[in-house]
Amino acid sequence: MSPGPLALVLAALLAWLAIGTLGLARARELVFVSRVLFPVGALAGLVLAAAGVIALGAPAQALVVPLGLPDLPFHLRLDALSAFFLILLGAVGAAISVFSAGYFRSSEGTAPGLVCFHYHVFLASMALVLLADDAYVFMVAWESMALSSYFLVTTEHRIAEIRRAGFLYLLIAHVGAIGILLCFGVLQGGSGDYSFDAMRAAKLAGHWPSVAFLLALFGFGAKAGILPLHVWLPEAHPAAPSPASALMSAVMLKTAIYGLLRVSFDLLDAQLWWWGVIALSLGLATALFGVVFAAVQTDMKRLLAYSSIENIGIIVCGIGLTVIFKSHGKTLLAAITMTAVLYHALNHAFFKSLLFLATGSVLHATRERSLGKLGGLIHRMPWVAWLALVGTLAISGLPPLNGFVSEWLLLQAFLFTPSLPQSFVNMLVPVAAAALALAAALAAYVMVKFYGIVFLGQPREPGLAQAHDAGRLERVGLVFLAAGCVLLGLFPVQVIALLDPVNEMLVGSTAGRGVAQNWLLLAPINADRASYSPLIVFLVVGAIVLLTTLLVRRFYHGRVRRADPWDCGFPLQTPRMQDTAEGFGQPIRQVFEPFFRLQRQLPSPFDAAPKYSARADDHWWHWLYLPIARAAEACGRFFGLIQQGRISVYLTYSFVTLLVLLLFVQ
Amino acid sequence: MTASAFLSQLLQLGVALLLAPLLAGWVSQCRAWLQNKSAPSLLLPYRTIHKLFIKDAVVAHNASPIFRVAPYIVFGAMCCAAAIVPSLSTGLPFAQAADTIALVGLFALARVFIALAAMDIGTAFGSLGARREMFVGFLAEPALLMVLFTASLISGSTSLPTIVDSLAHRDLAIYPSLAFAGVAFTMVSLAENARIPVDNPATHLELTMIHEAMILEYSARHLALIEWASALKLFNYSCIGIAIFVPFGIAAGSDDWAAILGAAPALAAKLAIGGFVLALIETLSAKMRIFRAPEFLGTAFLLAVLAMLVHLLLGT
Amino acid sequence: MAAGIPFYAQLINLFAAVLLLISFAMLAQRRVLSLIDLFAAQGLALALSTAVVGWGTGQSHLYWSAGVTLTLKVFLLPFLLYRLIRRLDVKWDVEPLINIPTTMLVGIVLVVFAFNLAAPISNLSSTVTRSTLGIAIASVMLSFLMMITRRKAIPQVIGFLAMENGLFFAATSATYGMPMVVELGIALDVLVGMLILGVFFFQIREQFDSLDLKHLEQLREDE
């Protein structure tokens, strides 16, 4: 085995598998599993991330492992693209593992050791997806990723709803896998060689590259949650335990992005501009759809799941723009856009896992997922609340945190489009930029709702007074992720310089030299055109805040008197009178009414026990999924006719089949 | 960064900080005149702020630190924004650190914090105000961004001083796209500064207020900072409008101090006219129902998008 | 960018933009009276742009057509419409069939479509102001859209008149105006059309006690 980063990566991968197996061996020993195995897994994650950082700068390493079928050895390869996503997997995975060490306590549902096994196999298979260098390994890893995550989703398998969510997830994952498989089939171009090297070399004629791209978009889109294949996300994420949701949302969705990038920029040698237009429009539709739905959710994990759909939409829209630039030969602009895409993928991994883990802590402390029954937790759980605030500000795209950096880069990229020769694309772009800005602004609405209702205000239920803060290990995980958000926000220039090898590999140009004016200033093309320095902004805002505080104290005073809040002359106020999640989402529900399938139940004036309920459902269920389900059912019923239950009838079927086949062969 | 540039930066920040309450006072004075009322003193905002600073702060029992930190952050964000927007000259070294997109981001930062602070106490009013504020903001923010993008497309830069340099110091040319952007910008400014027809700064009637509902729980120095920040916001928006639509008179660079000081009367005149127009609009229009606001802002947003389109389509 | 174009052409571009802006404003306007004011403003922009084209290209007959536009579209037609509304007593808000932001969104799509449609024609044209052809087509389409989305009769008539404005603008900006005879003919047509429609309104109201066009749906034959 060759030394170097690839060896480190493989070591981490094997370590995860070993940890998983150990967990399986001592399935019921909670202390051993949570205090020993998960922290060791976290270490392996850090090793993986470090190996990724080394590999980013190093040339690609390939390895053939004689595993699997006799004629089909495993091809592995570690290049810049894989390395970047391995860093993402390793760093975020490590934080989630540390958190999980403190999180998994009770042993209801699946045994802790079993969860540990699924969890680490999940991690290892994601790493293998990123390393795969032939379609065979890729699909094996992809499927084991889907299966292990399915088992994680159904950890609480005694609840019927969760089993249903898991089934839906598995179904769509497999529909997507078929798309990917077909895509690889097209890519090998009739050579019969399924290694990625052969696919790079294959020259596809006519429309075949487009077919391959569309299949990849479909297949990986199903995993990533692009419209209309998003339906599994808001079901599966709330069903899974929080660390698993964090891992799925933060990392697994990114493996789909990785696959899309791998196919469209590495395996296909040329891109067509209309692919970009398709990806751009799909991405924007997904982003807007996701964020509008997030605004009306009442379950905090569903809300975050929809927000993941939004972020994936933004990433896919960026990929579309990159394709447009690349197809017109503007590699520098493509590199800037690609930087935005990668940066946003990294950012989303950090802040989304932070928020999912925070909901996990809240869930543990209160046993409550519904937003309408939470509130005021900042007093009971200050650690979780303050760290979640960092995630909230980051995901809302506010300077100087990390969400803003990628948004900034992407918007800058949009502003460069007038240099394109095609007037149609030119006109599409302002509309796209506007939609992106709208989605970003709506994200702030959603996150204010999320944070304000969960952590601020007064507790809506008396039971919340007993809520306790997260344990020490959980805090470590949260602090790690929050620090990541802050650092990624304050030092974009350094991060972008790290990303350069990926740009070089995918679009043949580097953004880093252009983007980084000096170590402080982020400036694509040149500083006259646009520049941004989060560190300076942060320091200046901080300095003004400090100075103002000091001056106010110096010239006036700092006296504070505590009193009851103003009750508008109505003394009977209860915490239940605060805005609920429904209330906060109501304006969005009203403005975007056509987006939803609304079911509302209003009480009549004479109800003794008035009850109000409103459900905002997804149109896609009724437009796409239910018809398909109904058709499948009808098919099944038709074929059910031949099911007689008598063994002799079945034997007759077999016999007739045999006769017909013999007739054909003859 | 030269000393001269640094001085020009400090001067403009100082001008913004000191003149902002005056502008607010001027607008309310004009409004009173137009409505045939006896006008309050021009210096009333200063006195209010001073009075509020003297008083003891009253904070609700269950307020978290977010509630007490928010006014400072809002104020800091608005100061930061004031340091980006050229008022007298384009010699703003800080503008390199934050361009127009960051400017919109700073406004959003302030908005998010004030909304969170409003939800912190947990009264019905606070969360109602927060919800409405975010509701107005989610359309106003992208609209503002699109207006700024139109100017960026014309001048090929997202940095405000560069935009002003290229718009103010050139041959006479008419940009039709700016007509659209101007209308959109006016509409957004009205909404963002809590003005009629979207909000009414002078009301405390539950059903209609947005901004005032959010800051209902604030008192004393916290309220003073918020009031000052609102005045700064109005000043910033006015200066953005001036910078994009009537940039003539703003000095280029930071070396020619005669030009910088000469820009002061022009700025004063433009602000006075702008303030009067604002008062006029407020007097002539009626407050909308809250659910007409998205229609109003949606129109502004689409007009701003059209401005970008027109720019690309006309090729000028 | 803009520096290479003569000043009068820039002015025409500006008027074109104003024309489009007013078309969108009409699309977003709920009140009938404001709609008429906007129509008058559009007429004014049209008259001014015609005059500017005349001034820039030195074709004096365009001044005449600007004058005709001014009297007809800024004074006479709005006056007639105002009178009509007073007589019919229909000052209510216009209720759009689709909500306004959606209408505007469709409008933006139409603008993009119109420009792509106009691009090849503009390239053939040799005039300096050819890029305004797209705007003219767009404002015709927007007026059409307004007619589609309104329920009441008067806004529909205004939409019809605004459509003619767009056509007129296309003629002046792209080809420096039509022959005077044609223009006068069109102006007369519009006037007569307006008068006939006015008579119709009275008839409709006699019949249904309302100007809501959904009542006309009753006129179809039920099998």
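Residues numbered from 1 in each chain as written. Chains lettered and ligands numbered in written order. Predicted model: local features only at pLDDT ≥ 70, side-chain atom pairs only at ≥ 80, totals over all residues. Heavy atoms only, no water.

1. Considering the overall build of chain A
Stage number 1. Counting its secondary structure elements, chain A contains 24 helices and five strands.
Stage number 2. Taking 666 residues into account, the globule formula puts the C-alpha radius of gyration at 26 Å, and chain A, at 26 Å, falls close to it.
Stage number 3. Overall size of chain A, expressed as C-alpha extent along the three principal axes, is 100 × 70 × 55 Å.
Stage number 4. Within the span of chain A, comprising 666 residues, buried residues form 59% of the whole.
Stage number 5. In chain A, the share of contacts with a sequence separation of at least 24, taken over all contacts with a separation of at least 6, comes to 78%.
Stage number 6. Counting only carbon and sulfur atoms, one obtains 67% of the accessible surface of chain A, whose full area is about 25500 Å².
Stage number 7. Averaging the positions of the 42 positive and the 33 negative side-chain charges in chain A gives two centres separated by 6 Å. (Helix = DSSP H or I, 4+ residues; strand = E, 2+ residues; numbered from the N terminus. Rg over C-alpha atoms; globule rule 2.2 N^0.38 Å. Buried < 20%, exposed > 50% of the residue type's maximum accessible area, 1.4 Å probe, protein only. Contact = heavy atoms within 4.5 Å. Areas by Shrake-Rupley, 256 points an atom, 1.4 Å probe, with all protein chains shown as cover. Lys, Arg positive; Asp, Glu negative; His and termini not counted. Charge placed at Lys NZ, Arg CZ, Asp CG, Glu CD.)

2. Some words on the overall build of chain B
Stage number 1. On a plain count of helices and strands, chain B comes out with 11 helices and one strand.
Stage number 2. Seen in sequence order, chain B has helices and strands lined up from the N terminus as α-α-β-α-α-α-α-α-α-α-α-α.
Stage number 3. Since a compact globule built from 316 residues should have a radius of gyration of about 20 Å, the 19 Å found for chain B is in line with a globular shape.
Stage number 4. Over its C-alpha atoms, taken along the principal directions, chain B stretches across nearly 60 × 45 × 40 Å.
Stage number 5. Within chain B, contacts between residues separated by at least 24 positions form 81% of all contacts whose residues are at least 6 apart in sequence.
Stage number 6. Considering chain B, the positive charge centre built from 17 side chains and the negative charge centre built from 17 side chains are found 9 Å apart.

3. What to know about the interface of chain A and chain B
Stage number 1. Counting residues at the interface gives 73 residues for chain A and 76 residues for chain B.
Stage number 2. Linking chain A with chain B are two salt bridges.
Stage number 3. We note a salt bridge from Arg559 of chain A to Asp56 of chain B, for which the minimum N-O separation is 2.7 Å.
Stage number 4. Of all the elements in the fold, those that place two or more residues in the side of chain A that touches chain B are helix H14 (377–380), helix H15 (382–395), helix H16 (402–415), helix H17 (423–455), helix H21 (534–555), strand E3 (560–563) and helix H22 (581–591) of chain A.
Stage number 5. Broken down by element, the side of chain A that touches chain B gets its largest block of residues, 16 residues, from H17 of chain A. (Salt bridge = Lys/Arg side-chain N within 4 Å of Asp/Glu carboxyl O.)

4. Digging into the nonpolar core
Stage number 1. Of all hydrophobic cores here, the largest spans 436 residues; its most connected members are Phe138, Phe184 and Tyr451 of chain A together with Met146 of chain B.
Stage number 2. For this core, the element with the highest residue contribution is H17 of chain A, accounting for 24 residues.
Stage number 3. With residues near it in sequence (within four places) discarded, Tyr451 of chain A still touches Ile378, Ala385, Trp386, Ala388, Leu389, Thr392 and Leu456 of chain A together with Ile66 and Leu116 of chain B. (Core = buried A, V, L, I, M, F, W, Y, C linked by side-chain atoms within 4.5 Å.)

5. Regarding the pattern of salt bridges
Stage number 1. Here the structure, examined in full by the defined rule, presents 21 salt bridges over all chains.
Stage number 2. Lys73 of chain C is the partner of Glu164 of chain C in a salt bridge, and the nearest nitrogen-oxygen pair spans 2.6 Å. One end of the pair, Glu164 of chain C, is in helix H6 (residues 153–175); the other, Lys73 of chain C, is in helix H3 (residues 61–88), with 91 residues separating them in the sequence.
Stage number 3. In the salt-bridge network here, residues are joined through shared partners; they are Arg77, Asp79, Asp133, Asp197, Arg200, Arg262 and Asp266 of chain A.

6. Concerning the confidence of the model for chain B
Stage number 1. For chain B, the mean per-residue pLDDT works out to 86, and 97% of the residues sit at or above 70.
Stage number 2. If you check the scores for this complex, the pTM reads 0.90 and the ipTM reads 0.92. (pLDDT = per-residue confidence, 0-100.)

7. Focus: the interface of chain B and chain C
Stage number 1. Taken together, the contact pairs 23 residues of chain B with 24 residues of chain C.
Stage number 2. When the two sides are added together, the surface that chain B and chain C hide from each other amounts to roughly 2200 Å², 81% of it contributed by carbon and sulfur.
Stage number 3. Looking at the side of chain B facing chain C, the largest losses of area belong to Ile174, Leu302 and Leu314 of chain B, adding up to 26% of the total buried there.
Stage number 4. Along the contact surface separating chain B from chain C lie zero salt bridges.
Stage number 5. Linking chain B with chain C are zero residue pairs in polar contact (both at pLDDT 80 or more). (Buried area = accessible area lost by both parts, 1.4 Å probe. Polar contact = N/O pair within 3.5 Å; in protein donor to acceptor, adjacent residues only side chain to side chain.)

8. A word on the state of the cysteines
Cysteine pairs can be covalently joined through their sulfur atoms, and such a bond is termed a disulfide.
Stage number 1. The tally for this structure, following the rule as stated, stands at zero disulfides over all chains.
Stage number 2. For Cys79 of chain B, which is in no disulfide, the shortest distance to another cysteine sulfur is to Cys80 of chain B and amounts to 8.1 Å. (Disulfide = S-S within 2.5 Å.)

9. Focus: a nonpolar patch on the surface
All names here are of chain A.
Stage number 1. Judged by side-chain polarity, Phe638, Phe639, Leu641, Ile642, Ile647, Tyr650, Leu651 and Tyr653 come together as a nonpolar surface patch covering roughly 870 Å² of accessible area.
Stage number 2. For the nonpolar patch, the elements supplying multiple residues, two or more each, are helix H23 (619–640) and helix H24 (647–665).
Stage number 3. Here the nonpolar patch gets four residues from one element, more than from any other, and that element is H24.
Stage number 4. You can see Ile647 is positioned in helix H24.
Stage number 5. Under the relative-accessibility criterion, Ile647 is labelled exposed at 64%. (Patch = residues over 30% accessible without salt bridge, like charges linked within 9 Å, V, L, I, M, F, W, Y side chains within 5 Å.)

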